Amino acid sequence: MSAAGSLPNPEIPRHTVIVRVTHWITVISFFALLISGAEIVISHPRFYWGEVGNVRTAPLFTLRIPSSRDTVPTGYGFVLPDQNGWSRYLHFQAAWAAVLTGLVYAISSLWTGHFRKNVLPVPADRTWRSYWDVFAKYLRRAPPDEAEAYSYNVIQRTAYLIVIFVLFPMVIWTGLAMSPAFDSVVPAAVNTLGGRQSARTLHLFVSAALLLFLVVHVAMVVLAGFRSRTRAMITGRVIVPEERP
Amino acid sequence: MTLISRRKLMTTGLAATAGVAGLTVAARLVQRYGLIPPDHCGIYGPGETLTYAAQRLLTTHSLAREFPRSMISKSPFANETPPPGDIFKRHQSTGFTDWRLLVDGTVSRPTSFSLSDLKSLSVRSQITEVACEEGWSYIAEWIGTPLIEVLNSVGLSPRARYIAYFSTDSEWWESIDMADAMHPQTLLTWGMNDGDLPVSFGGPLRMRVPRQLGYKSLKYVTRLTVTDSLKSFGKGLGSAEPENGYAWYAGI
């Protein structure tokens, strides 16, 4: 919260144009990846550990959902329609959009100092005490103070850091590790994960973590004021909030 | 001029220069290496083209992972197979002695090979993983004749760009580009795990393309056609898979 110590200049947008454009392209790509990814999972909702796994080997766990293949034992008496063709086309096209957008975002953010200024916790906040203060405020369900319309608190910054530098790289890595051609050039990509099936299982886990982030992120935006926060991410401007009782 | 606007100007200038240079280089590379897949039309064309082009620039000569004998799957999964039909059953009853592989197209000597012709040409084995687009996989030892040896023996035309291959079922046919056709691990497989290739796994003859997903490893292969264009095959999308909504290139 000390980051909001300086008075915000209304001339400088809350979010730069690069942040806004890359944010919304990522939103669209992520939804495409989520839907197509779920469709691909439905064709084989069993997950394994190690190099190989199929219906004749023991799964690590099974999702209790019906399948789009009659070769998979699910316990359901019906088979869903096969949607893998377009799902795979869409998954990889959306992955390209997300990765290229992510590259533009990362390179421009290093160039402009966006990471250092807006995402890295400010030095004064790098204490457990700061995390606890923000967390306690969330627990009290106190409305965000005005400064938080202009800057991120330490928990938000940490969450964004984890998404940008841990979850996104991990989801790309575990996804690429499932490409037999990519693995022929970089065998370590899959071998260090423990094999092809481990990569697939980890891809599901990291995707679930990203989905969890999305749910919490949208919930917090709604709590802080959906219209004002979304407007800031579209137009870049923060409307001075009305007086609070 | 303030610092911020100067920086903005520099960024925009650099980005524009990089963009133009990138596009020029990309256009040259596309021309030289043939980086456009046959199913490049439609809304998923850009993503498919990016994937195929990136793979062709990175993975033309790389070798699929091979595994130690101890990792061969004890219970491989054959997946559903199309009913082979009466003609196939007659071949099966005679131990496939009359099975023929016809190689035609832009070659000097179109030839029909028996399984023993193939076996006497060249033998190579590899322990590689079959990975299905659904997500499951298994490892097996595959024994066969490298496709490139077969192509060389019939006099491959320098104009050849693709190999189309066909199964007993007219609805199942595939094709690969020359990078995969000339790849040392691309085998016309007739053996598996030290025995004959079982019918459920594609016997008597299955194409193995270990750097791509399982559906490129077509079962019951009866014919190969060497061509410089896939436009006249089926709907011109490269193989039966894009006609069913699946990508032609399956190396991902």
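Residues numbered from 1 in each chain as written. Chains lettered and ligands numbered in written order. Predicted model: local features only at pLDDT ≥ 70, side-chain atom pairs only at ≥ 80, totals over all residues.

A. The arrangement of the overall build of chain A in detail. Counting its regular elements, chain A contains eight helices and two strands. Counting from the amino terminus, chain A carries its helices and strands in the arrangement α-β-β-α-α-α-α-α-α-α. Taken over the C-alpha atoms alone, chain A extends approximately 65 × 40 × 35 Å along its principal axes. Residues classed as buried in chain A amount to 28% of the 245 residues present. Counted over contacts in chain A with a minimum sequence separation of 6, partners at least 24 positions apart contribute 66%. (Helix = DSSP H or I, 4+ residues; strand = E, 2+ residues; numbered from the N terminus. Buried ≥ 20, exposed ≤ 12 C-beta atoms within 10 Å, placed from the backbone. Contact = placed C-beta atoms within 7 Å.)

B. Up close: the interface of chain B and chain A. Counting residues at the interface gives 39 residues for chain B and 32 residues for chain A. Listing elements by their share of the side of chain B that touches chain A, those giving two or more residues are α2 (45–59), β3 (124–131) and β4 (137–146) of chain B. It is α2(B) that provides the largest number of residues to the side of chain B that touches chain A, a total of eight residues. When its residues are assigned to classes, the side of chain B that touches chain A shows 17 nonpolar, 15 polar and seven charged. (Nonpolar A, V, L, I, M, F, W, Y, C, P; charged D, E, K, R; others polar.)

C. Structural view of unusual backbone geometry. Put simply, B:Gly203 and B:Pro204 share a cis peptide bond, and its omega is 15 degrees. Within the secondary structure layout, B:Pro204 lies in the loop between β8 (195–196) and β9 (206–208). Phi is positive for A:Arg141, close to 55 degrees, though the residue is something other than glycine. Structurally, A:Arg141 is set in the loop between α4 (128–139) and α5 (154–176). A:Arg141 gets classed as exposed once you count the C-beta atoms within 10 Å, which come to 7. Even without glycine at this site, B:Tyr220 takes up a positive phi of about 55 degrees. Mapped onto the fold, B:Tyr220 is located in the loop between β9 and β10 (221–227).

D. Main features of the nonpolar core. Core analysis: the biggest nonpolar cluster contains 74 residues, and B:Ile163, B:Tyr165, B:Leu188, B:Leu205 and B:Val221 have the highest contact counts within it. Sort the elements by how many residues they give to this core and helix α2 (residues 84–112) of chain A lands first, with seven residues. Among all residues touching B:Tyr165, those that are not within four sequence positions of it are B:Trp173, B:Glu174, B:Ser175, B:Met207, B:Leu218, B:Val221, B:Arg223 and B:Leu224. (Core = buried A, V, L, I, M, F, W, Y, C linked by C-beta atoms within 7 Å.)

E. Structural detail: the confidence of the model for chain B. Averaged over every residue, the pLDDT of chain B is 92; residues scoring 70 or more account for 96%. Predicted complex, confidence summary: ipTM 0.89, pTM 0.90. (pLDDT = per-residue confidence, 0-100.)

F. The arrangement of the sheet that holds strand β5 (residues 162–167) of chain B in detail. Residue and element names in this part refer to chain B. With mixed pairing, five strands are arranged side by side in an open sheet as β2-β1-β10-β5-β6. Two strands close off the open sheet at either side, each with one partner strand: β2 (111–114) and β6 (173–177). If you compare each strand with its neighbour and ignore which way they point, the axes differ by 20 degrees on average. (Pairing = 2+ DSSP bridges. Axes fitted to C-alpha atoms, helices over the stretch in contact; angles between N-to-C directions.)

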